[in-house]
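Here's the letter readout for the chains.
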Amino acid sequence: MARYDLAVAGAGIVGLAHALAAARRGLRVAVVERDARASRSSIQNFGFVTVSGQGASQARAQRSRDAWLEVAGPAGINVEQRGALIVARRAEALAVLEEFAASAAGAGCELLDPARLRSHPMVVAKAAAALWSPHEVRIEAREALPRLAAWLAAHHKVDFHWSSPVTAVDERGLHHANGCVEADAIVLTVGADVATLFPDRAREAQVRHCMLQMMRVAAPSWRLPGVVMTDLSLLRYEGFATQPAAARLRLKLEAECARELAAGVHLIVAQGVDGTLVVGDSHRYADAVDRDSTAEVEALILAELTALLDLPKPQVIERWVGSYPVANVKPVLAAQVGPRARLVTVTSGTGMSTGFAIGEETIAELFQ
């Protein structure tokens, strides 16, 4: 049986990021995945690599964005959109964007006044202004993850063991339902499944699930300049939510949007190459995954959509509920679980945005 320098549990974006970082060092790598393909949180999202607004994770997001651009061409991954337009519908939101733009974190971003915002006629909200961030990229996660895995196998000789749930870790290597991958080092990127392998760690960190209600809307007649967000989003992203003006925005939204805040609703709209819009999302928390969507939450999201964009009767053509792990440790639960074994779980919903940087950090630590 072959012995590997590194065995990675999990073929989501965080697992593939670790595999890439190790393979770039010339290490022999195996990836063990419980499913027949990556099929959970890594492909149930916007594919939005968010940089502006990430707060303490902004440097990781910048590095991960660069890594996405490095692998996109060789792996045949399309960059669907670049940049983000954050529209302020309220004066209080504009104040947050002004403070952010004036800060070091806002370097390279540009405030658009109402006159310049009219160059994007699909924005119909009576907006105070908007912030344009050139730093973001968006890929189609459902296509990108399989292509990234295939490229790692073909060009970096990474071995994949699909349909092989991990059962145990010991000094020999990574045990799974179909055998054992012997390895000198192990990284476990198993998301909320940490509770199965390391229940004590999961209880200590209060690992649980965050469910996101999302949908795909039929293509409009126009194209967005980038991914679009608005006022409610400013409370969800640390880099915006920690601006002094955010306290006034929260009070305003609590008075006007109590139901949206209770459901964790904020608006992100991303457009695919086919013109369809991926729209979301909401946030609810539980110990177990709940895949049921609700008409009430969908109506709240669609109301935000139609208040912002010229889409009076959006046609929903697909619905789903995504999930990602959360814990009382953010943005990453990282723990040593053996002499050369690391548990790495992104607990902030930022795996697409920060995963490549986290992978490089972990591999640098393991293979100094």
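Everything below is about the structure printed above this text.
In this report, the structure presented in the accompanying data block is examined. (Residues numbered from 1 in each chain as written. Predicted model: local features only at pLDDT ≥ 70, side-chain atom pairs only at ≥ 80, totals over all residues. Heavy atoms only, no water.)

Moving on: the pattern of salt bridges. Pairing between side chains of opposite charge can happen when their charged atoms approach one another. Enumeration according to the criterion identifies 23 salt bridges in this entry. The partner of Asp193 in a salt bridge is Arg34, and the shortest N-O contact between them spans 1.8 Å. Of the two residues, Asp193 sits in the loop between strand E10 (179–188) and helix H6 (194–197) while Arg34 sits in the loop between strand E2 (29–32) and strand E3 (48–49), which places them 159 residues apart along the sequence. Here Asp193 falls in the partly exposed class, since its relative accessible area comes to 28%. In this structure, a network of salt bridges that share partners links the residues Arg138, Glu140, Arg142, Arg216 and Glu318. (Salt bridge = Lys/Arg side-chain N within 4 Å of Asp/Glu carboxyl O. Helix = DSSP H or I, 4+ residues; strand = E, 2+ residues; numbered from the N terminus. Buried < 20%, exposed > 50% of the residue type's maximum accessible area, 1.4 Å probe, protein only.)

With that out of the way, let us pick up the packing of helix H1 (residues 13–23) against helix H5 (residues 141–156). Axis angle and axis distance: for two packed helices, these are the angle between their axes and the distance between the axes, and together they describe the pair. It is the contact of H1 with H5, at a shortest axis distance of 11 Å, that shows an interaxial angle of 25 degrees. When the axis of H1 is compared with that of H5, the two are roughly parallel. The interaxial crossing formed by H1 with H5 has left-handed handedness. Together, Ile13, Leu16, Ala19, Leu20 and Ala23 of H1 and Leu145, Leu148, Ala149, Trp151, Leu152 and His156 of H5 make up the contact between the two elements. In the contact of H1 with H5, the residues fall into 10 nonpolar, one polar and no charged. (Axes fitted to C-alpha atoms, helices over the stretch in contact; angles between N-to-C directions. Parallel < 35°, antiparallel > 145°, perpendicular 65-115°, else oblique. Left-handed = near helix turned anticlockwise from the far one by under 90°. Contact = heavy atoms within 4.5 Å. Nonpolar A, V, L, I, M, F, W, Y, C, P; charged D, E, K, R; others polar.)

Glancing now at the packing of aromatic side chains. Under the counting rule described, the total for this entry stands at three aromatic pairs. Where Trp68 meets Phe356, the ring centres are 5.0 Å apart and the plane angle is 80 degrees; that geometry is what we call edge-to-face. Taken as a pair, Trp68 in helix H2 (residues 58–75) and Phe356 in helix H12 (residues 351–366) lie far apart in primary sequence, 288 residues in all. Judged on exposure class, the residue Trp68 and its partner Phe356 are both buried. Sitting over the ring of Trp320, Arg142 keeps its end group 4.6 Å from the ring centre. Taking the ring centre of Phe367 as reference, the NZ or CZ of Arg340 above it sits at 4.8 Å. (Phe/Tyr/Trp six-rings, centres within 6.5 Å; stacked < 30°, edge-to-face > 60°. Lys NZ or Arg CZ within 6 Å of the ring centre and 35° of its normal.)

This paragraph deals with the nonpolar core. Counting 44 residues, the largest nonpolar core has Leu6, Val29, Trp68, Leu148, Leu152 and Phe356 as the members making the most contacts within it. Those residues within four positions of Leu148 in sequence are excluded, and the remaining contacts are Ile13, Leu16, Val71, Ala75, Ile77 and Phe356. (Core = buried A, V, L, I, M, F, W, Y, C linked by side-chain atoms within 4.5 Å.)

This brings us to H12. Along H12, the sharpest change in direction is near 25 degrees and occurs at Ala357. Taken across its 16 residues, H12 has 12 buried, putting it largely inside the fold. When H12 is considered as a whole, its buried residues turn out to be Gly351, Met352, Ser353, Thr354, Gly355, Phe356, Ala357, Ile358, Gly359, Thr362, Ile363 and Leu366. (Bend = angle between axes of the 7 residues up to and from the residue.)

The omega angle of the peptide bond from Gly280 to Asp281 is -5 degrees, so this bond is cis rather than trans. Along the chain, Asp281 falls in the loop between strand E14 (277–280) and strand E15 (284–286). Here Lys330 and Pro331 are connected by a cis peptide whose omega angle stands at 5 degrees. Following the sequence through the fold, Pro331 ends up in the loop between strand E16 (316–326) and strand E17 (332–338). Residue Lys157 is not a glycine yet carries a positive backbone phi of 55 degrees. Here Lys157 lies in the loop between H5 and strand E7 (159–161). In this structure Lys157 comes out as exposed when scored by relative accessible area, which is 59%. Even without being glycine, Gln206 reaches a positive phi, approximately 55 degrees.

Here we take up the pairing of strand E11 (residues 208–217). Where a strand is regular, its side chains alternate between the two sheet faces. Counted residue by residue, E11 has nine buried out of 10 residues, so it is predominantly covered. Where E11 and E16 come together, 10 bridges link them in antiparallel fashion. Counterpart to Met215 in the pairing with E16 is Arg319. Note that E11 and E15 share three bridges and pair antiparallel. Paired with His209 across the strands is Ala286, a residue of E15. Alignment of E11 against E14, held across four bridges, turns out to be antiparallel. Bridging from a neighbouring strand, Arg216 pairs with Val278 of E14. (Pairing = 2+ DSSP bridges.)

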